[in-house]
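Read off the chains here:
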Amino acid sequence: MAAGVLVLANVTAPSGDLIDAIKQRAAKGPIDVTLLMPGHGPGLSGREAVRGRLDAALAAWREAGIEAEGICGDANPLDALAETWDPRRHDEVIVSTLPGQSSRWIQGDLPSRVGRFTGAPVTHVVANDMRPEPHVGPPPEHETSPLGPLGVLSWGGARR
């Protein structure tokens, strides 16, 4: 019987690091994978807002040889998990996050919270290949005063 693996991922869902982790897990034994992607905003419109990203991630997984079901959940990842988690169907969870402090999920200690909620083994995958590019470019233009630094003296306006 295949183990039920619930993958909780958002922008990192198509990550090569996550795909590699799922393949490594599949090498240990058969798995039945479900991708749970939290919505982008409240209600059904928030769930539908991530539908394209969910479908694109599942297509990338299929291309890599991973068949999975996809679910758009609540915007709050823990609430999305609470709606989806079924201990009769799921045996473990993979949580995929952005690296370092750029990840709100890491800041909120989501992998540990998922483990406490489910009581199941949790694998935390850091999608290093999704690291945001640093912004490099010219500095922003600022309005300059003909008085230069003395322009601060005019901030108070004219006094009568």
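See the structure above.
Calculation rules
- Residues numbered from 1 in each chain as written.
- Predicted model: local features only at pLDDT ≥ 70, side-chain atom pairs only at ≥ 80, totals over all residues.
- Heavy atoms only, no water.
- Helix = DSSP H or I, 4+ residues; strand = E, 2+ residues; numbered from the N terminus.
- Buried < 20%, exposed > 50% of the residue type's maximum accessible area, 1.4 Å probe, protein only.
- Contact = heavy atoms within 4.5 Å.
- Areas by Shrake-Rupley, 256 points an atom, 1.4 Å probe, with all protein chains shown as cover.
- Pairing = 2+ DSSP bridges.
- Axes fitted to C-alpha atoms, helices over the stretch in contact; angles between N-to-C directions.
- Expected span 1.5 Å × (residues − 1).
- Arc of directions from axis to C-beta.
- Polar contact = N/O pair within 3.5 Å; in protein donor to acceptor, adjacent residues only side chain to side chain.
- Core = buried A, V, L, I, M, F, W, Y, C linked by side-chain atoms within 4.5 Å.

S.K.: Got a minute to help me understand the overall build of the chain in this structure?
M.R.: Helices and strands together make up the secondary structure of the chain, namely 6 helices and 5 strands. Here the chain holds 160 residues, and the buried ones make up 36% of them. In the chain, the share of contacts with a sequence separation of at least 24, taken over all contacts with a separation of at least 6, comes to 72%. Entry remark: accessible area of the chain is about 9,900 Å², with carbon and sulfur atoms responsible for 54%.

S.K.: Got a minute to help me understand the sheet that holds strand β5 (residues 122-126) in this structure?
M.R.: Strand pairing in a sheet relies on backbone hydrogen bonds, with the paired strands running either antiparallel or parallel. Read across the sheet, 5 strands follow the order β3-β2-β1-β4-β5 without closing on themselves; strand pairing throughout is parallel. Edge strands, defined here as strands with exactly one partner in the open sheet, are β3 (68-73) and β5. On average, each strand axis in the sheet is tilted by 20° relative to the strand beside it, whichever way the strands run. With 6 bridges connecting them, strand β2 (residues 31-38) and β3 associate as parallel partners. Paired with Leu35 across the two strands is Gly70, which belongs to β3. In the packing of helix α3 (residues 51-63) onto the sheet, contacts are made with β1 (3-8), β2 and β3, and the angle to β3 comes to roughly 160°. Along the sheet, helix α6 (residues 110-118) makes contact with β1, β4 (92-97) and β5, crossing β4 at roughly 165°.

S.K.: What am I meant to see in the environment of Ala3 here?
M.R.: Its location among the elements puts Ala3 in strand β1. Ala3 gets classed as buried once you look at its relative accessible area, which sits at 13%. Along the sequence, Ala3 and Arg25 sit 22 residues apart, while their C-alpha atoms lie 9.9 Å from each other. Contact partners of Ala3, with chain neighbours within four places excluded, come to Arg25, Pro30, Ile31, Asp32, Asp91 and Glu92.

S.K.: What's the story with helix α1 (residues 16-28) in this structure? I'm lost.
M.R.: Residues lying three or four places apart along an α-helix face the same way, a consequence of the helix completing one turn every 3.6 residues. When the terminal C-alpha atoms of α1 are compared, their 19 Å separation across 13 residues agrees well with the 18 Å that a helix rising 1.5 Å per residue should span. Within the span of α1, buried status applies to Leu18, Ile19, Ala21, Ile22 and Arg25. The buried residues of α1 all sit within an arc of 160° when viewed along its axis, so they share a single face. More than 90 degrees from the buried face of α1, the exposed residues found are Gln24 and Ala27. The inward-facing, buried residues of α1 contact β1, β2, α3, β4 and β5. N-cap assignment for α1: the residue whose side-chain oxygen lies 3.0 Å from the backbone N of Asp17 is Ser15.

S.K.: How should I be thinking about the nonpolar core in this particular structure?
M.R.: Within soluble globular proteins, side chains that are nonpolar tend to cluster in buried spots. Counting 20 residues, the largest nonpolar core has Val7, Leu18, Ile22, Leu35, Trp61 and Ile94 as the members making the most contacts within it. Residue assignment for this core shows that the elements contributing at least two residues are β1, α1, β2 and α3. Beyond its immediate sequence surroundings of up to four residues, Ile94 is in contact with Val5, Leu6, Val7, Leu8, Leu18, Ile22, Thr123 and Val125. Listed in part, the 13 residues of the second largest apolar core include Leu6, Val93, Trp105 and Ala120.

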